[in-house]
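# Geometric and topological summary
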Amino acid sequence: MHRRRRTALILSAAAIAAAPLLTACGGEAHPGAAAVVGGDRITVAQLEGRVNEVRDAQRAAIPDDAQYTQAIAKSGGLTRSTLHTMVLDKVLHRAATDAGVSVTRRDIQTMRAGLEQQAGGRKALEQGWLQQYGVAPARLDDSFRTEIEAQKLAKQLGADMNAPEGQALFWKALSAASKKLDIDLNPRYGTWDVDKNKRADAKTPWVREVTDAGAPAPDQQA
């Protein structure tokens, strides 16, 4: 399955790191929104829901408390990396739409069938993507759609993703889509770099990071 890695991971290179909770005191341009992408809101509730899906799936897969705690520590940056993925998926979709690329249900079913065969069954595939990529089983088809969309976009652009020139061409298309979408992140989650198509931490004096115990935590990037 390593040859068919999730494109969102290839594109964003989201690192798994221990992440703090975030509290903020200050005004927000979009109350209740974690991000606004092309005028569409990704609400904090939606973001938290996606994160909880992964945590619930991890809990179900790892009944041992000590092992579960270790899994949480390894994927501590889940909230910010999840937001990164949610925004990047929208950027990719815009770039694909601009290029005339679409994904069918049959495309997704074909990819799932192939990956299940490689992994040794549905359950093994679900557990593998949960552990490696932080994708909850309920979101697998969404993840496959993103992967296929990226593959088709690269083909449409004539971009060889194994070559630096091809990668640059692909990223250029995503940067153009990012600019069109006018992405605005809630400052508590950082900022969006349209050139690099990634979330970046913003240094704001009114944002305070705390651990579960309430003690200040070191800066972490998702």
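As a reminder, the structure under discussion sits directly above these lines.
Figured I'd write up the structure that's included with this text.

About the thresholds
Every residue gets a number counted from 1 within its own chain, in the order that chain's sequence is written. Predicted model: local features are reported for residues with pLDDT of at least 70 only, side-chain atom pairs are reported and counted for 80 or more only, and whole-chain, interface and lining totals are derived from all residues. To obtain the side-chain values, all non-hydrogen atoms of the structure were used and water was disregarded. Strands here mean DSSP runs of E at least two residues long; helices mean DSSP runs of H or I at least four residues long; both are numbered from the N terminus. Think of it in three bands: residues with accessible area under 20% of the maximum for their type are buried, residues over 50% are exposed, and the middle band is partly exposed, with areas taken using a 1.4 Å probe on protein chains only. Put simply, a salt bridge is a Lys or Arg side-chain nitrogen that is within 4 Å of an Asp or Glu carboxyl oxygen. Expected span of a helix: the number of residues minus one, times 1.5 Å. Pairs were defined over the aromatic rings of Phe, Tyr and Trp, the Trp ring being its six-membered one, requiring ring centres within 6.5 Å. Orientation was assigned from the angle between planes: stacked under 30 degrees, edge-to-face over 60, tilted for the rest. Put simply, a charge is over a ring when the Lys NZ or the Arg CZ is close to the ring centre, within 6 Å, and near the line of the ring normal, within 35 degrees. The set of buried Ala, Val, Leu, Ile, Met, Phe, Trp, Tyr and Cys residues whose side-chain atoms join them within 4.5 Å is what this entry labels a nonpolar core. Contact definition: two residues touch when any of their heavy atoms are within 4.5 Å.

Phi is positive for D182, which is not a glycine, with a value near 50°. Examined against the element boundaries, D182 turns out to sit in the loop between α8 (164-181) and β4 (184-185). Judged by its relative accessible area of 60%, D182 is exposed. Positioned with a positive phi, N197 is a non-glycine residue whose angle comes to about 55°. The topology assignment puts N197 in the loop between β5 (191-193) and β6 (198-200).

Next up on the list: the pattern of salt bridges. Enumeration according to the criterion identifies 11 salt bridges in this entry. One salt bridge in this structure joins E53 and R139, with 2.8 Å as the shortest N-O distance. A residue pair is termed long-range when its members are at least 10 positions apart, and E53 in helix α2 (residues 44-61) and R139 in the loop between α6 (122-133) and α7 (140-157) qualify at 86 residues. The partly exposed category is assigned to R139, whose relative accessible area is 26%. In this structure, the salt-bridge partner of D141 is R105, at a minimum N-O distance of 3.0 Å. Note that D141 is positioned in helix α7 and R105 in helix α5 (residues 105-119), a separation of 36 residues in sequence. For R105, a relative accessible area of 46% gives the class partly exposed.

Here we take up helix α4 (residues 78-98). With 21 residues, α4 should reach 30 Å at 1.5 Å per residue; the first-to-last C-alpha distance of 30 Å fits that figure. At the exit of α4 stands G100, carrying a positive phi of roughly 80°.

All chains considered together, the criterion is met by two aromatic pairs. Measuring from ring centre to ring centre gives 5.1 Å for W129 and Y133, while their planes differ by 90°; the resulting arrangement is edge-to-face. In this pair, W129 and Y133 both sit in helix α6, four residues apart, roughly one turn of the helix. On the basis of an interplanar angle of 80° and a centroid distance of 5.1 Å, the ring pair of W129 and F144 is categorised as edge-to-face. Highlighted residues: W129 in helix α6 and F144 in helix α7, separated in sequence by 15 residues. The same class applies to W129 as to F144, namely buried. Its end group placed over the ring of Y68, R59 keeps NZ or CZ at 4.2 Å from the ring centre.

Time to look at the environment of T104. Structurally, T104 is set in the loop between α4 and α5. Note on T104: relative accessible area 38%, which makes it partly exposed. The sequence separation of T104 and I148 amounts to 44 residues, and the corresponding C-alpha distance is 9.4 Å.

Within the largest apolar cluster, 31 residues are counted, with the highest numbers of intra-cluster contacts made by L83, V87, V91, F170, L174 and I183. If we ignore the near neighbours within four places in the chain, the residues touching L83 are A34, A35, I42, L47, L185 and Y189. V103, M111, L125 and L140 belong to the second-largest nonpolar core, a separate cluster that totals 11 residues.

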